[in-house]
Structure formats: C-alpha cells, structure tokens
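# Survey of secondary and tertiary structure
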Amino acid sequence: MRNLVLGLCLTVLFVLGALVSFVWTPYDHAALEIANKLKPPSLAHWFGTDHLGRDILSMIMVGARTSIAVAIVAVGIGIGLGVPLGLLAAAKSGSLLDEVIMRSNDLIFAFPSLLIAIMITAVFGPSAVNAIIAIGIFNIPVFARVTRGAALSLWTRDYVLAARVAGKGALRISVEHILPNVTNLLIVQGTIQFSLGILAEAALSYVGLGAQPPTPSWGRMLADSQTLFMLAPHITLFPGFAILLTVLGLNLAGDGLRDLIDPKLRRGAR
Amino acid sequence: MLRYTVLRTGSLLISLIVASLVIFFTLEVVPGDPASFMLGINAQPETIAALREELGLNLSPWARYVGWVTGLVQGDLGVSYTYRTPVAEIVAERLVISLPLAGYALALTILIAFPVGIWAATRRGSVADISVMGATQLGIAIPNFWFAMLMVLVFAINLRWFSAGGFPGWDEGFWVSKKALTLPAISLALPQASILARVMRSSLLDTLDQDYIRTARAKGLTKGQALRGHALRNALIPVLTIIGLQFSFLLAGAIIIENVFFLPGLGRLVFQAISQRDLIVVESVVMLLVFAVIMVNFLVDLAYSWVDPRLRGRR
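This is a predicted model, so every value here is computed, not measured.

This part covers the overall build of chain B. Across its full length, chain B carries 12 helices and zero strands. Secondary structure elements in chain B, listed N-terminal to C-terminal, are α-α-α-α-α-α-α-α-α-α-α-α. Burial statistics for chain B: of 315 residues in total, 47% are counted as buried. Taking all contacts inside chain B whose residues are at least 6 apart in sequence as the whole, residues at least 24 apart take part in 73%. Surface summary for chain B: the accessible area is close to 15000 Å², and the carbon and sulfur share equals 66%. Side chains of chain B give 25 positive and 19 negative charges; the mean places of these two sets differ by 18 Å.

Below you can see the structure in the form of structure tokens.
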C-alpha cells in the first residue's frame, strides 16, 4: 500500500506539472537568454539554465507533456489492437487463428521498439509520431499475451458456460463477460507499459529518432547536455531525475495496484 | 527431444523468413527511390536511371528480395550506397565492438543478478531484502544512457579511472579495449541486472516453498545444501527465459549506449546510415539484430527444454 501511495504521488506530481505547463511555466520554455547560459540552480531559476539560457524547470514541465502524450498514445495503440487480438485468440483457443496471432506476436517481440523506430525513421524521418508508432507496435503483443492468458482461464468459468448455454456467441461473451474481468489486469499492465513508454521515448529522443526541436523532450534535453555536462552537471541531472522519478512512480504504482488486485501476492512481498 | 528440436527449427525458419519480408518491404519498397535520394534533387534523369540500373533497382521487388536473401545466406549483404564498400565488411568492423559489448554486459548482468537475487531470497522480509528490492526498483527506473553520463562524470572526469569515450581497437591489447568497454557495459547491465535479480529472487522464493525442499531439509540437509542441490536448478527456468529476452534489450541498448561513449559500433553505423539514406546498410543491420534475437530465443527454448523435459511436449 505504501508503494501505491508513493507511486501515485510521484505520478500525479509529473502529470500536474505537465498540465500546469499549458497555462503557466516559470519562464517561456523557448526563450533564449544567452547572457544567462549554464547558470546553476538559484532562486530565480530553481533548476538553473541550459546552454542557450533557457529555464530548465520550464523545459522539464513542458517536456513532461511530450513524454506523457507519447506514452499514453503508445499504450492506447497497444490496448486498442492487442486486447481484441488477445480476446480473439482466447475465444478461438487451439485454432489456426490462435496460432497465427500468437506466432505473429512472437515475431513482433523479436523487434525491440528501437529497431522498429529505426525502420520507421529510415522511411519517414524522425518525429514524435514515429516514436509513438514504434513504441505502440511493441506494446501490441504485450497486451495480446496478457489478455489471452487471463481470458483463457476465464473461458473455463461457470458463468461463461451459462452464457454459452443462453446462446451467446464468442464475440458477445468476450465483450460482455471476459473483457470486464480482465480490465484490472490491463490497468496494471498499462501502468507498466506507460513507464516503459516514457523510458523508450526518452531513449528515442536522445538518439534523435523521437521528438524534434522545437518540441521539448526530456530525452532531447539529455542529448543537448551531452557535450556540456562536464561544465554544468545540473543540465544533465534534472532531466535525468525527471525521467527516473516518473518511471519509478509508475512502477511503484503498478506494483501497488497489482498487490491490491491480487492479495495473494501481498503477504510474500514478491 | 529430436522431434521438439525439429519443430522448433521449423518455427525458427518461418520467423526468419517473415522477419526478412517485413524488413525488406518496409525499407525497400515504401520509401521510393534510393537512387534519387543518393544523387539529390538536382540530379539528371539519365544519371538516376544509370544508378538505378547499377544498384539493380529496375528489377521487380520480389526479384530484389530473393537476391537480397540469397546474398544474406551467403554472407553477401550488398554494397553500401554511400561508402561503396561491401556492407558485410563494414558490419564486421563494427560488430567486433557491439557484440563484445553486449556479451560483456550480459556477463555483468548475470554476475550481479544471481548473487543479489539469491541473497535477497534467502533473507526474505529482512531489512537487507527490502533494501535490495528498493535498489532494484531504482535500477529498473533509471534510463541507462543517463546512468552512463553520470558514470562518465564520476569515473572518467572526476576520478579519471576510465576514458570518457572512444575505442582504442583490439590491436591495442585485450585489457586496454576491455577497459574502454567497461563503463558502457556497466551502464547497459544495471537495469537488466535489476530486473533479473527480482526474477531470480521471486523464482527462488517459489521454489523454496515447494514440498521437495521441505523433504530435503527434513532429510537433514542444511539450508545451503538444499538451496544448491535442489532449489537453484529448478528456479533457473524462468530466469533463463528472461535472460533470452534481455539479450535483445542489450543489443538494442548497446546501439544507444554507443552514442554516449562515441563507440564506433553497429549503433553509430545505423544512425549514420539513416542520415545518409543508406538503406541497404540499415536493412542489413536491422536484419542482423533481429536474426540475433530470434536465434538467442531459439537457443533458450532448446536450453530449457533440456533443463526441464516436461516442456518438450508442449506446443
């Protein structure tokens, strides 16, 4: 429970930061003030300024939008395509369709999101949208697997048998009886994929395959700081801590939610 | 075992064929004309036509695909559009950095995760266990390229124990080169070791709860003897699966970490190739990495069907 509270607090902090940045940031995140470059943290600039004199706190707040937006849409793609595929595979368990769906999933697993991003970028050029697609594609088999695994055990339950006796088809049973019962599991998995999405977006932006200037992004801030962080470590520390704490918050929240949903795990603190 | 191996090899071949189709048709057919990309917007149509002829782009996509795959099987990856040298040579030059880096990181991952996971599992619920699990949460959440930058700051710039980047080449001696790969390998290994330590701990806890461990202890075996003689081998199955999956993350992660340390490996090659639109290099490198991931998972499957004969009957 402690994990859940701490995780949710950290997550809410960053989501709030992103939301507040739509109406207010300490400074204009894009305003250059070269005379003020690489200033260490102070009362005027809590997190200091970067190599172009921009306020790092403002950039982190606006960058949170990019990270959160990319991760949310990528999880959305994973859920939107992966869950129906998982439900279908479970409903037709043992059939050729099930086999095709699961083997295709295995194949997508062989392409880490970075490789998908490399291919998409080679074709269409780098952008935040391509990062979303790359991370989203990687999420599809994750959700398909989780859904299929959980759905398979639900298909043996009495209430599903009752629904079949009542004449409901596989599609209706999947939507009306199976889906509501796998939702908890999907929320937990969604939290984990959300944190992985934030890490992946940061990595893609860091190597130049994600968000492009002028869109602020935590990964890009780290890439920009790479040649200067020996002179001014704060330009690396703050964006890095932003990623670390957001991902940590989401992971703790995910673990806490899982323990809450599955009390068997709580006692052993696995 | 033989039947399982044959079936699994069949599925391996199908995966490789489908992966090659996906990579080829994504990169070769969708983006348009590499010859125009190479020559720029001011190129004469005749020059473009001549280059298309030279690169074999006038053939049908299927003919080019068959040519590409036949080349791959024979170790001929084609000729780089920008460097004008065989892709296989360029890739081989870079592979001698990326592969040892991924291998080094995998070794560190196992060397850190196994003792930590076992140590925490045998002290379940203690302060030590809780602290170690807290530390692994941090290890999982930390972006490895940022951790790499922090290590450069501490160990290369402040303490001057390691160089901040670059690779001297294996000709300079094994230890010198290994030293250059140490910080990159640690940065790659840390998040994976954190995940693996958690899996090791959780799997060992499950195993230690089993009746046969209680029987072994009742027979008079010490806790350590029961652990070494019975629990460890049984706890290894999920751990092996995760190690297989981690290899793909280490390879992909190596591509990013090479950028932090300016290592001239596959990662830097592929990013240069993207910016130069050298698609034949991109598709060869991506295919090579996907091939490595699929092969490792195949070997892991075979390994754990060998460790646990019950798995051979499945699928």
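This part is about the pattern of salt bridges. Residue and element names in this part refer to chain A. For the structure on display, the rule yields 14 salt bridges over all chains. Among the ionic pairs, Arg 103 bridges to Glu 99, the shortest N-O distance being 2.7 Å. Here Arg 103 pairs with Glu 99, and both are found in helix H3 (residues 96–109), just four residues apart, close to one helical turn. Judged by its relative accessible area of 26%, Arg 103 falls in the partly exposed class. Judged by its relative accessible area of 38%, Glu 99 falls in the partly exposed class.

In this structure the tally under the stated criterion is 15 aromatic pairs over all chains. An angle of 70 degrees between the planes, with centres 5.1 Å apart, marks the rings of Phe241(A) and Trp146(B) as edge-to-face. With one member in each of two chains, Phe241(A) in helix H9 (residues 234–261) and Trp146(B) in helix H7 (residues 144–158) form a pair that bridges those chains. A residue is classified by how much of its surface remains accessible, and Phe241(A), at 39% relative accessible area, is partly exposed. Classification of Trp146(B) as buried rests on a relative accessible area of 1%. Feature note: the residues Phe24(B), Phe25(B), Trp62(B), Tyr65(B) and Trp68(B) constitute an aromatic cluster, connected by ring pairs. Just above the ring of Phe22(A) sits the side chain of Arg65(A); from NZ or CZ to the centre is 4.2 Å. Residue placement shows Lys179(B) over the ring face of Phe162(B); its charged tip is 5.9 Å from the ring centre.

We now examine unusual backbone geometry. At the junction of Pro213(A) and Pro214(A), the peptide bond is cis and its omega measures out at 10 degrees in the coordinates. Mapped onto the elements, Pro214(A) comes out in the loop between helix H7 (170–206) and helix H8 (218–225). The backbone of Arg160(B) sits at a positive phi, close to 60 degrees, despite the residue not being glycine. Turning to its location among the elements, Arg160(B) is positioned in the loop between H7 and helix H8 (174–208).

Residues and elements named next belong to chain A. Among the surface-exposed residues, Val 12, Val 15, Leu 16, Leu 19, Val 20, Phe 22, Val 23 and Trp 24 lie close enough to one another that they form a single nonpolar patch of about 800 Å² accessible area. In this fold, Val 20 is placed in helix H1 (residues 2–20). Residue class for Val 20 comes out partly exposed when judged on its relative accessible area of 32%.

So, on to H8(B). Because an α-helix packs 3.6 residues into every turn, residues spaced three or four apart end up facing the same way. Look at H8(B): only 42 Å from first C-alpha to last across 35 residues, short of the 51 Å you get at 1.5 Å a residue. A maximum bend of about 40 degrees is found in H8(B) at Thr182(B), where proline Pro184(B) lies one to four positions downstream.

Turning our eyes to something else, we now look at the confidence of the model for chain A. Residue and element names in this part refer to chain A. Summary statistics for chain A give a mean pLDDT of 88 and a share of 97% for residues scoring 70 or more. For chain A, the element scoring lowest by mean pLDDT is helix H10 (residues 264–268), at 48; helix H2 (residues 56–91) scores highest, at 94. Here residues 266–270 scores under 50 on pLDDT; set against residues more than four positions off or in separate chains, the count is 12 contacts.

Taken residue by residue, the interface counts 48 residues in chain B and 42 residues in chain A. When the two sides are added together, the surface that chain B and chain A hide from each other amounts to roughly 3900 Å², 78% of it contributed by carbon and sulfur. When the area that chain B buries against chain A is broken down by residue, the three leading residues are Phe145(B), Trp146(B) and Met149(B), summing to 17%. Close ionic contact of Arg198(B) with Asp255(A) constitutes a salt bridge, the shortest N to O distance being 3.6 Å. Counting every contact that joins chain B to chain A gives four residue pairs in polar contact (both at pLDDT 80 or more).

A separate point is the environment of Ile255(B). Among the structural elements, Ile255(B) can be located in helix H10 (residues 223–260). Along the backbone, Ile255(B) and Leu266(B) are 11 residues apart, and their C-alpha atoms lie at a distance of 6.5 Å. Not counting residues up to four positions away in its chain, the partners in contact with Ile255(B) are Leu114(A), Leu115(A), Ile118(A), Gly267(B), Val270(B), Phe271(B) and Leu289(B).

This part takes up H3(A). Taking 1.5 Å per residue as the helical rise, H3(A) with its 14 residues ought to reach 20 Å, and the 20 Å between its terminal C-alpha atoms agrees with that figure. For H3(A), the set of buried residues is Asp98(A), Ile101(A), Met102(A), Asn105(A) and Leu107(A).

Procedures and definitions
- Residues numbered from 1 in each chain as written.
- Chains lettered and ligands numbered in written order.
- Predicted model: local features only at pLDDT ≥ 70, side-chain atom pairs only at ≥ 80, totals over all residues.
- Heavy atoms only, no water.
- Helix = DSSP H or I, 4+ residues; strand = E, 2+ residues; numbered from the N terminus.
- Buried < 20%, exposed > 50% of the residue type's maximum accessible area, 1.4 Å probe, protein only.
- Contact = heavy atoms within 4.5 Å.
- Areas by Shrake-Rupley, 256 points an atom, 1.4 Å probe, with all protein chains shown as cover.
- Lys, Arg positive; Asp, Glu negative; His and termini not counted.
- Charge placed at Lys NZ, Arg CZ, Asp CG, Glu CD.
- Salt bridge = Lys/Arg side-chain N within 4 Å of Asp/Glu carboxyl O.
- Phe/Tyr/Trp six-rings, centres within 6.5 Å; stacked < 30°, edge-to-face > 60°.
- Lys NZ or Arg CZ within 6 Å of the ring centre and 35° of its normal.
- Patch = residues over 30% accessible without salt bridge, like charges linked within 9 Å, V, L, I, M, F, W, Y side chains within 5 Å.
- Expected span 1.5 Å × (residues − 1).
- Bend = angle between axes of the 7 residues up to and from the residue.
- pLDDT = per-residue confidence, 0-100.
- Buried area = accessible area lost by both parts, 1.4 Å probe.
- Polar contact = N/O pair within 3.5 Å; in protein donor to acceptor, adjacent residues only side chain to side chain.

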